[in-house]
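Structural features, examined
Below are the chains, spelled out letter by letter.
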Amino acid sequence: MSLRTHSLSVTFGPPAGPPVLDNVDFALEPGRFDMIVGANGAGKSTLLRALAGLQTPNKGFVSLDDQRLTTMPMAARARHIGFLPQEISPAFAYSVADTVALGARVAGLGHWFDQGLAGAAARAVDAALDQVDALSLRERRLDELSGGERRRVLIASVLAQQPRYLLLDEPAAMLDLHHQSELFGLLRRLTDEGLGVCCVTHDWNLAVGFADRLAVLNDQSILASGPPAELLTSEILEAVFGPHFALLQHPDGRPVVVPK
């Protein structure tokens, strides 16, 4: 059982143009926390969108438990895969509760548009908000929140889907240090409970602290993959970013990267 890309290639613009991703094989398994890192423009968000079934590849394909995503109805995909892009600009001033209820509705926990938010849907909304420390925001409007508060609510809306695989693009963006730690601690716990989690991040130190596996994208392909502490090396950092970073050792023994 896995969510997997098979020799995936994606090209934007003319078909003969340079690929954004080239022949990428990547697999996310239940009960594992993966993070995708790399420089800007390396294809990290494109890979995540492909895993969610939202990016059509030029070559290769994506499968969920050995079934091609393209053969699955969108509603079926949504019951298995939760996806949060890096940026969302809500078109309507929904309340926080109704925003999170959209995820509960995807999971089949209630038709809240017709019946109001009650029963299983209400419980799913409260549970998801509580998981991201946002239950106190329940009655607020989404457009009244700070960027960090809105990010936590949107993460709750994906959790309310109760997916098997959770895909998050820069989920720590706009979160303060406290809520970064809380969020990644939550993702770690969800993984330990059997969820497959994959995050795109620019923060290699977060990856070393929380992830089971790291995939380093460089030059449109995966340069290296494996346990984060093994991949945070001077050679890999220089290949991706150049000679502008140094490695230190955290008191607990793990490597830490800092700019020179």
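From a predicted model like this one, the values you see are computed outputs, not experimental measurements.

1. Some thoughts on the sheet that holds strand E5 (residues 67-68)
The four strands are arranged E2-E1-E4-E5 in an open sheet whose pairing can be described as antiparallel. For this open sheet the edge positions go to strand E2 (19-28) and E5, each flanked by a neighbour on one side alone. Packed onto the sheet, helix H1 (residues 44-51) meets strand E1 (3-11), E2 and strand E4 (59-64) and runs at close to 125° relative to E1.

2. Points about the confidence of the model for the chain
Mean pLDDT over the chain: 87, with 93% of residues reaching 70 or higher. Every residue in residues 110-115 scores below 50 in pLDDT, and together they form 11 contacts with partners more than four places removed in sequence or on other chains.

3. Comments concerning the pattern of salt bridges
The tally for this structure, following the rule as stated, stands at 11 salt bridges. Ionic pairing is found between Arg 138 and Glu 139, a salt bridge with its closest N-O pair at 2.9 Å. Given a relative accessible area of 61%, Glu 139 falls into the exposed group. Note that Asp 143 and Arg 141 form a salt bridge whose closest N and O atoms lie 2.8 Å from each other. Through salt bridges that share partners, Arg 140, Arg 141, Asp 143 and Glu 144 make up one connected network.

4. Quick notes on the packing of helix H5 (residues 119-131) against helix H6 (residues 147-159)
Between H5 and H6, the shortest axis-to-axis distance is 8 Å and the interhelical angle comes to 135°. Comparing the axis directions of H5 and H6 gives the class oblique. Considering only the axes of H5 and H6, their crossing is right-handed. The segment H5 lies against H6, with Ala 128, Leu 129 and Gln 131 engaging Val 153, Ala 156 and Leu 159. A breakdown of the residues in the contact of H5 with H6 according to their chemical character gives five nonpolar, one polar and no charged.

Cut-offs used in this document
- Residues numbered from 1 in each chain as written.
- Predicted model: local features only at pLDDT ≥ 70, side-chain atom pairs only at ≥ 80, totals over all residues.
- Heavy atoms only, no water.
- Pairing = 2+ DSSP bridges.
- Helix = DSSP H or I, 4+ residues; strand = E, 2+ residues; numbered from the N terminus.
- Contact = heavy atoms within 4.5 Å.
- Axes fitted to C-alpha atoms, helices over the stretch in contact; angles between N-to-C directions.
- pLDDT = per-residue confidence, 0-100.
- Salt bridge = Lys/Arg side-chain N within 4 Å of Asp/Glu carboxyl O.
- Buried < 20%, exposed > 50% of the residue type's maximum accessible area, 1.4 Å probe, protein only.
- Parallel < 35°, antiparallel > 145°, perpendicular 65-115°, else oblique.
- Left-handed = near helix turned anticlockwise from the far one by under 90°.
- Nonpolar A, V, L, I, M, F, W, Y, C, P; charged D, E, K, R; others polar.

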